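# Observations on the model geometry
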Amino acid sequence: MEDKELIKIEISDKLRKYIIGKYGKWVPIVITYTETKGPCQDNWCQLIKKLDVHMLTTKEDLQQFEPVDCGGLLVLIEKNIFSSSVKHRDNIKIQMDYRHKIKVSGLSFVS
């Protein structure tokens, strides 16, 4: 069984309509994470990991992403997030809230 079949990604209809309405075509969704320094003044704080989800509207280095086709819409997931999701067989849901922010649920990320 291929790795891409071990995870399930569901994209809400509201988000699909928003992408077509705003961009006029399918634009890939990119899922990455960023690490920021904690609030401590010394160097003993753990790094804070934050999920970053956005539309691919600029050129990015696509080598670090794993492409997953979701019914005609491409989702690019950072490779370390993808491998963690495959291990946990995640059921990922990508939705849009009332403020037009993209929300991801069902993603278990362990570095």
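Structure: above.
The following paragraphs examine the structure supplied in this document. (Residues numbered from 1 in each chain as written. Predicted model: local features only at pLDDT ≥ 70, side-chain atom pairs only at ≥ 80, totals over all residues. Heavy atoms only, no water.)

Attention now goes to helix 2 (residues 79–88). Buried residues of helix 2: Ile 81, Phe 82, Ser 84, Ser 85 and Val 86, and no others. Looking at the buried positions of helix 2, the neighbouring elements they touch are strand 2 (29–36), strand 3 (48–55), strand 4 (65–70), strand 5 (73–78) and strand 6 (91–96). Following helix 2 by one or two positions, Arg 89 adopts a phi angle in the positive range, close to 50°. (Buried < 20%, exposed > 50% of the residue type's maximum accessible area, 1.4 Å probe, protein only. Helix = DSSP H or I, 4+ residues; strand = E, 2+ residues; numbered from the N terminus. Contact = heavy atoms within 4.5 Å.)

Before going further, it helps to examine the sheet that holds strand 4. Spatially, the 4 strands line up as an open sheet ordered 3-2-5-4, and their pairing is mixed. In the strand order of this sheet, the two ends are held by strand 3 and strand 4, each with one partner. If you compare each strand with its neighbour and ignore which way they point, the axes differ by 25° on average. Here strand 2 pairs with strand 3 via 8 bridges, running antiparallel. Its bridge partner lying in strand 3, Ile 31 is registered against Val 53. Helix 1 (residues 13–23) rests against strand 2, strand 3, strand 4 and strand 5 of the sheet, and its axis sits at about 55° to strand 3. (Pairing = 2+ DSSP bridges. Axes fitted to C-alpha atoms, helices over the stretch in contact; angles between N-to-C directions.)

In this structure the tally under the stated criterion is 1 salt bridge. Two residues, Asp 97 and Arg 99, come together in a salt bridge whose shortest N-O distance is 3.4 Å. Note on Arg 99: relative accessible area 49%, which makes it partly exposed. (Salt bridge = Lys/Arg side-chain N within 4 Å of Asp/Glu carboxyl O.)

On to the side chain of Arg 16. With respect to the helices and strands, Arg 16 occurs in helix 1. Of the side chains with opposite charge, Asp 13 lies nearest to the buried Arg 16, which makes no salt bridge, at 4.6 Å. (Lys, Arg positive; Asp, Glu negative; His and termini not counted.)

Mapped onto the elements, His 88 comes out in helix 2. The sequence separation of His 88 and Val 53 amounts to 35 residues, and the corresponding C-alpha distance is 20 Å.

Let's shift gears to the pairing of strand 6. Burial along strand 6 is one-sided: Ile 92, Ile 94 and Met 96 are buried, and none of Asn 91, Lys 93 and Gln 95, which face the opposite way, are. Sheet topology places strand 1 (residues 8–11) next to strand 6; 4 bridges connect them, and they run parallel. Following the sheet pairing, Ile 11 is matched in strand 6 by Ile 94. When strand 6 meets strand 7 (residues 102–105), the two strands line up antiparallel, connected through 4 bridges. When the sheet's bridge partners are listed, Gln 95 is paired in strand 7 with Lys 103. Joining the antiparallel neighbours strand 6 and strand 7 is a turn of 5 residues, in which His 100 adopts a positive phi near 65°.

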